[in-house]
Structures are given as structure tokens and as C-alpha cells.
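Overview (structure and organization)
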Amino acid sequence: TPLLARRRRTYVGRDRALITAGYVGSFFAIGVCLASLGPLLPELASKTGRTLPELSFLFVARSIGYVLGSLLGGVIFDRVDVTHAPLVVGNLLCALGCATLPSLSALPSLAAAISTQGACMGLLDTGGNVLLIWLQGPTRVEPYMQAMHAAFAIGAVASPLFIEWALT
């Protein structure tokens, strides 16, 4: 069925507010994850026995994953009826990636984990934007979209502070 002809559940009141808060929280998490790699590089270099320039390709690996996750997210959210399920899975995999990064010492597994984390962030980015528009409607989405992206920025600013606190 065409995308616009599909019947979607309408959320109102408290349900709509809770779902919106979940999307905002997802974007905070994307900001935390996205800004964590730079501050973690010295620790990862120490763990892997590599130099910082040798680890710089991890940014490329994550970016490739992000682009692929965004493209895949567009396809998934166009075709899946239970649209919150991919978002929940993406959040869980992104959190798992953040939790496992400090324990990885082999460069291939580190690159795979960071690329997978990038794919999850791309999926969350695409899905969060699309689902928020579907949830709030195109005529009233602006303040919610701004709040969601502000949460991303807060997460990106807070991430290096969290990491410095955790490493000292």
C-alpha cells in the first residue's frame, strides 16, 4: 500500500506526550554516542596498542555505518507497520555499542562495533524525524522537532564531560 494511504494509529494526550519524550530521549542518546568517539580515542589507542592516527579511520567507519543506517531506516520505516519496534531495537543496539566499546581491544572488532553503532544512529536519526512528523502532524511538528534536536545537542555537549568524569 502507498505510504500515505496506510492507516496509522492516532495518539493523543498523554500517549502522544510520552512517545514524543521517547523520541527526544533517543536523540539525546544519539548526541551522547556521536560525541563519545573523540574523547574515547586516547583510551582506545591505549587498549589496542595503536596510535591516534591509526585509529582515525574509526570516524570513517562510523560515518559509513551512519549513512547506511539512514538509508536502511528510510526503507524500514516505509514498510514496517510497527514503527516503534525498529526504533527500540536501534536504541538498544546503540546502547550496547556504547557499553562494549571500552572492553574491545582488537581493532577489527572495534571497527565493526563502531560501524554498527553508526548504523544504529543513522536508523534512529531517520526514524525519529519521520516518526515525529507522523506523530505530531506536519502543521504542529516544529517545536517538537526543535526540542528533539536540542536534546541531540545537549547529549553531544554532555558526552565528553561524562567521559572525562568516568575516566578520572
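None of these values were measured; they are calculated from a predicted model.

Quick look at the overall build of the chain now. Secondary structure assignment for the chain yields 7 helices and 0 strands. Starting at the N terminus and ending at the C terminus, the chain contains elements arranged as α-α-α-α-α-α-α. The C-alpha radius of gyration of the chain comes to 17 Å, within 12% of the 15 Å expected for a compact globule of 168 residues. In terms of its C-alpha atoms, the chain occupies a principal-axis envelope of roughly 55 × 30 × 20 Å. Among the 168 residues that make up the chain, the fraction classed as buried is 39%. Taking as baseline every contact in the chain between residues at least 6 positions apart, the subset at least 24 positions apart corresponds to 77%. If you sum the accessible surface of the chain, you get close to 9200 Å²; carbon and sulfur atoms cover 69% of it.

Residue position: E142 is located in helix α7 (residues 142-167). Relative accessible area serves as the criterion here: at 42%, E142 is assigned to the partly exposed category. Considering only alpha carbons, one finds E142 and L132, 10 residues apart in sequence, at a separation of 9.8 Å.

On to the side chain of T20, then. Along the chain, T20 turns up in helix α1 (residues 13-34). For T20, a relative accessible area of 7% translates into the label buried. Beyond its immediate chain neighbours, meaning those up to four positions away, T20 contacts L132, L135, Q136 and Y144.

So, on to the packing of helix α6 (residues 107-136) against α7. At their nearest, the axes of α6 and α7 sit 10 Å apart, and the two run at 150 degrees to each other. If you check the angle between α6 and α7, you find them roughly antiparallel. Considering only the axes of α6 and α7, their crossing is right-handed. Contacts from G128, N129, L132, I133 and Q136 of α6 reach α7 at Y144, M145, M148 and H149. Taken together, the residues of the contact of α6 with α7 break down into 5 nonpolar, 4 polar and no charged.

This brings us to a nonpolar patch on the surface. A cluster of nonpolar side chains, V60, I64, V67, L68 and L71, forms an exposed patch at the surface whose accessible area comes to about 490 Å². Position of L71 relative to the elements: it lies in helix α4 (residues 57-79).

By size, the foremost hydrophobic cluster in this structure holds 19 residues, and its most contacted members are Y23, I30, L87, C94, M121, L132 and M148. Of all elements in the fold, only α1, α4, α5 (84-100), α6 and α7 reach the threshold of two or more residues within this core. If we ignore the near neighbours within four places in the chain, the residues touching L87 are Y23, F77, L124, G127, G128 and L131. In this structure, A45, L58, L101 and A111 belong to the second largest nonpolar core, which totals 15 residues.

Here R62 lies in helix α4. An unpaired buried charge is present at R62: no salt bridge exists, and D125, the closest side chain of opposite charge, is 11 Å distant.

Here is what the cut-offs are and how they apply
- Residues numbered from 1 in each chain as written.
- Predicted model: local features only at pLDDT ≥ 70, side-chain atom pairs only at ≥ 80, totals over all residues.
- Heavy atoms only, no water.
- Helix = DSSP H or I, 4+ residues; strand = E, 2+ residues; numbered from the N terminus.
- Rg over C-alpha atoms; globule rule 2.2 N^0.38 Å.
- Buried < 20%, exposed > 50% of the residue type's maximum accessible area, 1.4 Å probe, protein only.
- Contact = heavy atoms within 4.5 Å.
- Areas by Shrake-Rupley, 256 points an atom, 1.4 Å probe, with all protein chains shown as cover.
- Axes fitted to C-alpha atoms, helices over the stretch in contact; angles between N-to-C directions.
- Parallel < 35°, antiparallel > 145°, perpendicular 65-115°, else oblique.
- Left-handed = near helix turned anticlockwise from the far one by under 90°.
- Nonpolar A, V, L, I, M, F, W, Y, C, P; charged D, E, K, R; others polar.
- Patch = residues over 30% accessible without salt bridge, like charges linked within 9 Å, V, L, I, M, F, W, Y side chains within 5 Å.
- Salt bridge = Lys/Arg side-chain N within 4 Å of Asp/Glu carboxyl O.
- Core = buried A, V, L, I, M, F, W, Y, C linked by side-chain atoms within 4.5 Å.
- Lys, Arg positive; Asp, Glu negative; His and termini not counted.

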